[in-house]
Each structure stands twice: as C-alpha cells, then as structure tokens.
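# Chain and residue survey
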Amino acid sequence: MTRVSLIIPTLNEAGSIEAVLKEIPRDVVDEVLIVDGASTDGTADVVRRLGDRVIQQEGRGYGAAIATGFKHVSGDIIVLADADGSYNLDDFRLLVQRVQDGADLALGSRYLPESGSEDDTLIRYVGNKVFTWTLWKLYGVELSDALFFYMAIRRDVVQSITATAPGFEYIVEFLIKAQRSGFKFAEIPSLEKSRTAFRDGLRMLWTMVLARLRGGNF
C-alpha cells in the first residue's frame, strides 16, 4: 500500500489552521505533519487539540520549514499544502493519483482549463506568466503555473535532491534540480482560494536569475 504524508508549514495560522485540517481528505492521507515556525498565537495548540502532529521547524523561512518536514515524514508520496486555506484540498486525491500513475512530481495549476483563482489580478497574472516563462527559458522547467506550490512528490525524488534556499525560493530551486535530474512532471487544474503575496514572486525571480548568472548554481 502506498503511504501518503502531508506537510503544512505554519507561522501564526491559528485563525485558519483548524478549517484547513478539517478539510483534509483523511481517507487518502496517512500522516499529517505541521511544521511550525515558532508561532506566538497558539497555532500549535490548535493543531494538537485536533490530534495532529506538530514539530518545530529548523531555521527560518518557508524553505526551511519544508526541508524540516521532509526529514520527518514517512510517506511514499509527500504532499505540500499551505495553512491559509488557499488550496482546494478536494484536489488532493488527483495530485496523489497522478503520482501513482507515474509522475515523479504532480503540481496544481491555476492556469489550466477548469482551474482558476478567486482573486487573481492582472498584475499577479502577468507576473506569474513572466516568472513561469523565465523558469522555462533559463532552466527548461515546463509548467503553466510556477508560483503555485501545491504539489505531490515521490519520496525518492525528495531523497535525491538537496535544496538549501531558506525562503520561498526553496521550491524553485527544488523544481530546477528535479528537472536537471530528469524527473517527470505533471500538472492538474486547481483553484486558488486566496491571495499569494506578489513580493515573494519577485524575490524568487531575482534568485533564479542570479543563480543563472552564477552558472546555474544555487
């Protein structure tokens, strides 16, 4: 039987984490791991009250949280989701299914048919398209939505890739290294339910371009 783990990073998410945990399709998920970045609003207490596991992340930043989670989960397939309720967890099953069907990484996309975003703006849309195009041109990563980090990953992919960026750039670094290693990508249509900060996309774009100027090394 394939074991499925879910990693959710948190930092002061007490206002949303309970609703997110209740939305998880528990018949598909064998393990839920909340990686907390020293929340001060009682996030960890809410999670423990609901019966899920919490660990303290090592270091600071989104990337550090994901890297910490990778060290502690046991699943054959590992899914990443956010704690702010922006991901449609009904899509969880399809992400897992695409990996079970042969993909090494399956990612949600807001820009495929039957997908979308409830609050996308023209600036965010254009920025995402520029970033996605740049990722393809510089590194050959062919995706329709490179700034949506809702994904399922085979455990052997996680074990073979070392990404070190501490912030949101971690996922970009991970995708580039997965592409270089020849892993197979798949995408599914997904709905974004809340906003992702555009400044994070700008920081990731700069990191990606700077790495290219250094010869493609992070």
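Just so it is clear, the structure is predicted and the values come from calculations on it, not from any experiment. (Residues numbered from 1 in each chain as written. Predicted model: local features only at pLDDT ≥ 70, side-chain atom pairs only at ≥ 80, totals over all residues. Heavy atoms only, no water.)

A separate point is unusual backbone geometry. Positive phi values are uncommon outside glycine, yet Asn12 reaches one of about 55°. With respect to the helices and strands, Asn12 occurs in the loop between β1 (4–10) and α1 (17–23). Positioned with a positive phi, Glu114 is a non-glycine residue whose angle comes to about 70°. Among the structural elements, Glu114 can be located in the loop between β5 (105–109) and β6 (116–117). (Helix = DSSP H or I, 4+ residues; strand = E, 2+ residues; numbered from the N terminus.)

With 8 of its 11 residues buried, helix α3 (residues 62–72) lies for the most part within the structure. All of the buried residues in α3 are Tyr62, Gly63, Ala64, Ala65, Ile66, Thr68, Gly69 and Phe70. (Buried < 20%, exposed > 50% of the residue type's maximum accessible area, 1.4 Å probe, protein only.)

This next bit is on the sheet that holds strand β8 (residues 185–189). Taken in spatial order, the 7 strands make up an open sheet running β3-β2-β1-β4-β7-β5-β8, and their pairing is mixed. Each of the sheet's edge strands pairs with one partner strand only, and the pair in question is β3 (53–56) and β8. Strand-to-strand twist in this sheet, taken as the mean axis angle between neighbours without regard to direction, amounts to 25°. Inspection of the sheet shows strand β4 (residues 77–80) paired to strand β7 (residues 151–154) by 4 bridges, in the antiparallel sense. Bridged to Val79 within β7 is Ala152. (Pairing = 2+ DSSP bridges. Axes fitted to C-alpha atoms, helices over the stretch in contact; angles between N-to-C directions.)

Further remarks concern the pairing of β7. The pairing of β5 with β7 spans 3 bridges and is classified as antiparallel. Across the sheet, residue Leu105 finds its bridge partner in β7, namely Ile153.

With that settled, the discussion passes to the packing of α3 against helix α7 (residues 169–180). Viewed as axis vectors pointing N to C, α3 and α7 meet at an angle of 60°, and their least axial separation amounts to 7 Å. When the axis of α3 is compared with that of α7, the two are oblique. Across from Tyr62, Gly63, Ile66, Ala67 and Phe70 in α3, the residues of α7 making contact are Tyr170, Ile171 and Phe174. Looking at the contact of α3 with α7, its residues break down into 7 nonpolar, 1 polar and no charged. (Parallel < 35°, antiparallel > 145°, perpendicular 65-115°, else oblique. Contact = heavy atoms within 4.5 Å. Nonpolar A, V, L, I, M, F, W, Y, C, P; charged D, E, K, R; others polar.)

A word on helix α4 (residues 92–100). Listing the buried residues of α4 in full gives Phe92, Leu95, Val96 and Val99. Along the axis of α4, the buried residues cluster in a sector spanning 95°; they form a single face. The inward-facing, buried residues of α4 abut β1, β4, β5, β7 and β8. Trailing α4 by a residue or two, Gly102 shows a phi angle of about 130°, which is positive. (Arc of directions from axis to C-beta.)

This part takes up the packing of aromatic side chains. If you walk through the whole model with that rule in mind, you get 9 aromatic pairs. On the numbers, 6.5 Å between centres and 45° between planes, the contact of Phe70 with Tyr170 is tilted. On the criterion of sequence distance, the pair formed by Phe70 in helix α3 and Tyr170 in helix α7 is long-range, its members being 100 residues apart. Centroid distance Tyr111 to Tyr125: 5.3 Å. Interplanar angle 80°. Geometry classified as edge-to-face. Here Tyr111, found in the loop between β5 and β6, pairs with Tyr125, found in helix α5 (residues 122–139); they are 14 residues apart in sequence, far enough to count as distant. An aromatic cluster is present here, built from Tyr62, Phe149 and Phe168 joined pairwise through their rings. (Phe/Tyr/Trp six-rings, centres within 6.5 Å; stacked < 30°, edge-to-face > 60°.)

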